[in-house]
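Each chain, letter by letter, is given below.
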Amino acid sequence: MSWFWFAVWAVSGAGTVAVAYLAVPAGGVVAVVSLYRLRAVVRADPVARRFWLGLLAGAVVMTVGFALMAGNAFRFSVGSVPPDMPISAAVCVALGFVLIMVSVARVPVPLTGPRERRRMYLDRAIAFLGCATLLWQFGLAPMLTAEERWAPQTLALVALALVVSLGGITKVSYLGDGPVDRTAVRLVAAVGLTAAGVAVLAGTFGDDGGAPAQSVVLPLAPVLIVLAVRAQWNAVLGHRRPSRRSSSLLAYFAIAAVDLPLLAVAAGRLEWPGRVAVVAAVLVSVLVTIRQYLAFRDYVRLLDSVRAQEVRLQHEATHDGLTGLRNRAWFRERLAGDLAAGRGVTVLLVDLDDFKTVNDSLGHDVGDELLVSFAATLREAVTPSDGATPRDGATPRDGATLREAATPRGGAASGDGGGAVPVRIGGDEFALLLTGGTTVGETVAQRVLEVLTAPICAHRLLVQASIGIATAGPGATVDSVLREADVAMYAAKQRGKAAYVRFLPEMAEPVLAHMRLGGELRRALDEREFELFYQPVMDLRDGRVIGLEALVRWQHPERGMVSPAEFVPAAERTGLIVELGRFVLREACRQASAWLTEFGPDALQKVAVNVSARQLHDPGFVGDVLAALDDNGLPAARLVLELTESAVLRGNQVSRALRELDGRGIKLALDDFGTGESSLSLLRAFPAAIVKLDKSFVDGIEIDDADPAASDARQAVARAVIQLAGALGLDAVAEGIENEEQAELLRALGYTLGQGFHLARPMPAADLAKLLAGQVTAARTG
């Protein structure tokens, strides 16, 4: 509407110029109403509420100022010449600009640190000076140098409006999608640019520029504020479009802006406004130079960081994070390279024996410390090579002085010398890669075993290792060499651990069969191929069944019945013994409970289950036992857990578990009694209820004409055990009774309970049910 009035007025000249002054306060009223309505929308967010309340206060004061200006125009306008701005109006408008400037300045900018903050301030200074030079040269300077002198208050307001605009423009470039909409801030900043239009009109037309300024340019200010309110409203309602910050381009826009005043100065005479522009351009150039220097320094720092990251990633890709040794990936790559180059290669696979026991009993932190100490031990176990140099840039921590063991014990140099690199394959498995020789493997392996005779790590643990040795032959591949070393290592474990074995072709098939057996155990558990046999414990006086020992059997679908001596060690090695033992425990409890229900409480006193050391170290073992009893309704006093001496002597965790089970009423039996070095002292600390005389003391206990001294010794041990059991209030069971003579002699020594093939062989559940049924029938008829 004000534009239409100006067009009519400019053509006809009808009316007074004072009408032009009505547009801004009228638009200001609309802007104030819009800002007041927005107040309720942004009330929840303190940042947005503070910003828009500041704008509301500024708009109110400015509207009052322009209203005063309009009243003054109607009073003092002469024709088309507007009057000077009254001081009261100038103060109101200036206060409004200050409130707007403060509101924009208090909008937070998301920054990560001091460096980014300094860079932002530098960029904003460049942009501010660059744009200020442009507005100075083409806006404010012409007003200052015009023939018609402008009122000081007018000049001050124009300058203040330009400052508000420049501050808002430089600020909005660094705002993210926060509580105050970026588009709204950009529109508010543009309010100050209306002053640039006023300045251009004033500098070009003098007093005649007052009417277009008031009716065409300045009314844009309230329009921009209304549009800003709309942008914020849409943002709150979720209609905001994602925007990206333009801070990276701000300094370059400023450089382009400062070039225009320089071109204008170069085309005309150099007067004092031009000198100001030149000085400002020089300052911009200096700031840009500083900015580029800082950017270059940041780039160098970033490049150094990327290079360090690359080195670290490369190190992590080829090294074990825990021990610092080379890892499996590097080992395979290095081994493949040596094989391709035709170098003689020997591989030692080193596996810590019973490492899982350390983890289970002492915790994984101690296990990690043990692995780190063992890695250091491997480094010390090999000697420096005269001819071995690092071909791969190894660091001192992972073997920069590569190790080898080409020096015989006598100290003479060996012609088979080569470098030895310690590697962690994974878990508790390590390797040594020896190059340049084929006869040094045993020397290195022996040295590793020797250094393990002393305790290692802070906990002073005595550990052992099994070592497999394989030398690459013609046409060997990485997988074939590792497979041969693996076979040799398992052969060392089968020979009693704490040993080394060199691979021989004839050992591959039995060892691989044993390794495959471990894999088949998993399938057998899933397919329920295991079943329990039961060997009775008999009363030696009347031949009555007193208890049962549950023995697991494996009915293999192809091999038939597999001996426990074959699959139990494989279950121990793979850790499946815990799950297998859980199956045996639950099945024995189920079957015993069923027999007690069927044949009565007098048909069977106890059922015994063998427990391995691995099971005792399982944190859930006690819970498994109690759950098996509860789920099957078997009284705790009916269950016997048979343990070997080596399983009992395993630390505080095992001791606590056994005492808790004893406290629940479960009977504990010490199996193979008499074979250990501390059997007698163990009875004082172990809550045993039953001791089982080992079969080795029963074999030949009857009169042996060939070796009567040995027979007498066995009888003495058997007599001592039954007397000790009687003194301690324990039950004693003689194992391995093979004939009637042995049974008669044991009865004479005082044994009332026995077990062995002569009395009853292990039998499936169906056969034992018949035995129990016959015993019950005999008891009833007798």
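Residues numbered from 1 in each chain as written. Predicted model: local features only at pLDDT ≥ 70, side-chain atom pairs only at ≥ 80, totals over all residues. Heavy atoms only, no water.

A. The arrangement of the overall build of the protein in detail. Along its length, the protein carries 28 helices and 17 strands. When each of the 782 residues of the protein is scored for burial, the buried share is 49%. Put simply, 71% of the contacts in the protein that link residues at least 6 apart link residues at least 24 apart. About 37000 Å² of surface is accessible on the protein, with carbon and sulfur atoms providing 59% of the total. (Helix = DSSP H or I, 4+ residues; strand = E, 2+ residues; numbered from the N terminus. Buried < 20%, exposed > 50% of the residue type's maximum accessible area, 1.4 Å probe, protein only. Contact = heavy atoms within 4.5 Å. Areas by Shrake-Rupley, 256 points an atom, 1.4 Å probe, with all protein chains shown as cover.)

B. Highlighting the packing of aromatic side chains. This structure, assessed with the given rule, holds 6 aromatic pairs. When the centroid spacing of 5.0 Å and the interplanar angle of 85° are considered together, the rings of Phe-51 and Trp-52 count as edge-to-face. Taken as a pair, Phe-51 and Trp-52 share a single burial class, namely buried. Judged by centre distance (5.5 Å) and plane angle (55°), the ring pair of Phe-530 and Phe-567 falls under tilted. Here Phe-530 is found in strand E8 (residues 530-539), whereas its partner Phe-567 is found in helix H19 (residues 564-574), with 37 residues between them in sequence. A relative accessible area of 0% places Phe-567 in the buried class. One aromatic cluster is present, formed by Phe-530, Trp-554 and Phe-567 through successive ring pairs. Between Arg-39 and the ring centre of Tyr-36, over which it is positioned, the NZ or CZ distance is 4.4 Å. (Phe/Tyr/Trp six-rings, centres within 6.5 Å; stacked < 30°, edge-to-face > 60°. Lys NZ or Arg CZ within 6 Å of the ring centre and 35° of its normal.)

C. Structural detail: a nonpolar patch on the surface. On the surface, Leu-262, Leu-270, Val-278, Val-282, Val-286 and Ile-290 cluster together into a nonpolar patch covering about 440 Å² of accessible area. One can find Val-286 in helix H12 (residues 272-318). (Patch = residues over 30% accessible without salt bridge, like charges linked within 9 Å, V, L, I, M, F, W, Y side chains within 5 Å. Salt bridge = Lys/Arg side-chain N within 4 Å of Asp/Glu carboxyl O.)

D. Fine view of the nonpolar core. In terms of nonpolar packing, the biggest core is built from 84 residues, with Phe-530, Leu-639, Leu-641 and Tyr-751 touching the most fellow members. Among the elements that line this core, the one with the most residues is helix H20 (residues 577-599), at 12 residues. Non-local contacts of Leu-639, meaning those with residues more than four positions away in its chain, are made with Leu-585, Cys-589, Val-607, Val-609, Val-625, Leu-629, Ile-666 and Lys-667. (Core = buried A, V, L, I, M, F, W, Y, C linked by side-chain atoms within 4.5 Å.)

E. Fine view of the packing of helix H14 (residues 355-362) against helix H15 (residues 364-381). Running from N to C, H14 and H15 point in directions that differ by 140°, and their axes come no closer than 7 Å. As far as their axial angle goes, H15 and H14 are oblique. Listed contacts from H15 to Phe-355, Val-358, Asn-359 and Leu-362 of H14 are His-364, Val-366, Gly-367, Leu-370 and Leu-371. Here the contact of H14 with H15 is composed, by residue class, of 6 nonpolar, 3 polar and no charged. (Axes fitted to C-alpha atoms, helices over the stretch in contact; angles between N-to-C directions. Parallel < 35°, antiparallel > 145°, perpendicular 65-115°, else oblique. Nonpolar A, V, L, I, M, F, W, Y, C, P; charged D, E, K, R; others polar.)

F. Local environment of the side chain of Arg-638. Locating Arg-638 in the fold gives a position in the loop between helix H22 (621-632) and strand E12 (639-643). Although buried, Arg-638 forms no salt bridge, and the nearest oppositely charged side chain, Asp-602, lies 6.0 Å from it. A distance of 3.5 Å separates a polar atom in the side chain of Arg-638 from the backbone oxygen of Gln-605. Not counting the four nearest positions on each side in its chain, Arg-638 is found in contact with Leu-596, Pro-601, Leu-604, Gln-605, Lys-606 and Val-607. (Lys, Arg positive; Asp, Glu negative; His and termini not counted. Polar contact = N/O pair within 3.5 Å; in protein donor to acceptor, adjacent residues only side chain to side chain.)

G. Highlighting the confidence of the model for the protein. With 78% of its residues at a pLDDT of 70 or more, the protein has an overall mean of 80. Within the model, the stretch residues 386-418 combines pLDDT values under 50 with 73 contacts to residues more than four positions away or in other chains. (pLDDT = per-residue confidence, 0-100.)

H. Spotlight on the side chain of Glu-549. Mapped onto the secondary structure, Glu-549 falls in strand E9 (residues 545-556). Here Asn-610 takes part through its side chain, which lies 2.9 Å from a polar atom of the side chain of Glu-549. Excluding residues that lie within four positions of it along the chain, Glu-549 makes contacts with Phe-533, Tyr-534, Gln-535, Ala-608, Asn-610, Glu-642, Lys-692 and Gln-755.

I. Fine view of the pattern of salt bridges. Evaluated as defined, the whole model comprises 27 salt bridges. Between Lys-493 and Asp-351 there is a salt bridge; the shortest N-O distance is 2.9 Å. Of this pair, Lys-493 sits in helix H17 (residues 478-494) while Asp-351 sits in strand E1 (residues 345-352), and the two are 142 residues apart along the sequence. Asp-351 shares its class with Lys-493; the two are buried. For Asp-631, the salt bridge goes to Arg-586, with nearest N and O atoms at 2.7 Å. Of the two residues, Asp-631 is situated in helix H22 and Arg-586 in helix H20; the sequence distance between them amounts to 45 residues. Of the residues examined, Asp-631 reaches a relative accessible area of 52% and is grouped as exposed. Connected through shared salt-bridge partners, Glu-549, Glu-642, Lys-692 and Glu-735 make up one network.

J. Spotlight on the pairing of E9. Within E9, 11 of the 12 residues are buried, which leaves it mostly tucked inside the rest of the structure. Here 9 bridges tie E8 to E9, and the two strands are oriented antiparallel to one another. Within the sheet, the bridge partner assigned to Tyr-534 lies in E9 and is Ala-550. With 4 bridges joining them, E9 and strand E11 (residues 606-610) adopt parallel strand pairing. Note that in E11 the partner of Glu-549 across the bridge is Ala-608. Adjacent in sequence and paired antiparallel, E9 and strand E10 (residues 560-562) are bridged by 3 residues. (Pairing = 2+ DSSP bridges.)

K. Region of interest: the pairing of strand E14 (residues 690-693). Burial of E14 is two-sided: the residues Ile-690 and Lys-692 facing one way and the residues Val-691 and Leu-693 facing the other way are all buried. Note that strand E13 (residues 667-673) and E14 share 3 bridges and pair parallel. The residue of E14 that forms the bridge with Ala-669 is Ile-690. Strand direction decides the pairing type here: E14 and strand E15 (residues 731-734), joined by 4 bridges, are parallel. Among the inter-strand pairings, Val-691 is bridged to a residue of E15, identified as Ala-732.

L. Seen up close, H17. For H17, with 17 residues, the first-to-last C-alpha span of 25 Å sits near the 24 Å given by 1.5 Å per residue. The buried fraction of H17 is high, at 13 of 17 residues. Gly-496 occupies a position one or two residues after H17 and carries a positive phi of about 115°. (Expected span 1.5 Å × (residues − 1).)

M. The environment of Tyr-500, seen in detail. Within the secondary structure, Tyr-500 is located in strand E7 (residues 500-502). Residue Tyr-500 is classed as partly exposed on the basis of its relative accessible area, which comes to 29%. Expressed as a C-alpha distance, the spacing of Tyr-500 and Gly-468, which sit 32 residues apart in the sequence, is 5.7 Å. What Tyr-500 contacts, discounting residues up to four positions off in sequence, is Glu-442, Ala-445, Gln-446, Leu-449, Ile-467, Ile-469 and Ala-492.

N. Molecular detail of the packing of helix H2 (residues 23-41) against helix H10 (residues 220-236). Two numbers describe how H2 lies on H10: the axes approach to 8 Å, and their chain directions differ by 15°. The orientation of H2 relative to H10 falls into the category roughly parallel. Crossing angle aside, the handedness with which H2 passes H10 is left-handed. Between H2 and H10, the contacting residues are Val-24, Gly-27, Gly-28, Val-30, Ala-31, Ser-34, Leu-35, Arg-37, Leu-38 and Val-41 on the first element and Pro-222, Ile-225, Val-226, Val-229, Gln-232, Trp-233 and Val-236 on the second. (Left-handed = near helix turned anticlockwise from the far one by under 90°.)

O. Highlighting helix H4 (residues 87-105). Spanning 19 residues, H4 covers 27 Å between terminal C-alpha atoms, matching the ideal 27 Å at 1.5 Å per step. All of the buried residues in H4 are Ala-89, Ala-90, Cys-92, Val-93, Gly-96, Phe-97, Ile-100, Ser-103 and Val-104. Looking down the long axis of H4, one finds its buried residues gathered within 165° of arc, a one-sided arrangement. Exposed side of H4, more than 90 degrees from the buried face: Ile-87, Val-91 and Ala-105 are the residues found there. (Arc of directions from axis to C-beta.)

P. Unusual backbone geometry, seen in detail. The backbone of Cys-457 shows a phi angle near 65°, a positive value even though the residue is not glycine. Residue placement: Cys-457 occurs in the loop between helix H16 (441-451) and strand E6 (465-471). Residue class for Cys-457 comes out buried when judged on its relative accessible area of 12%. Not every positive phi belongs to a glycine, and Ala-498 is a case in point at roughly 50°. If you trace the backbone, Ala-498 turns up in the loop between H17 and E7.

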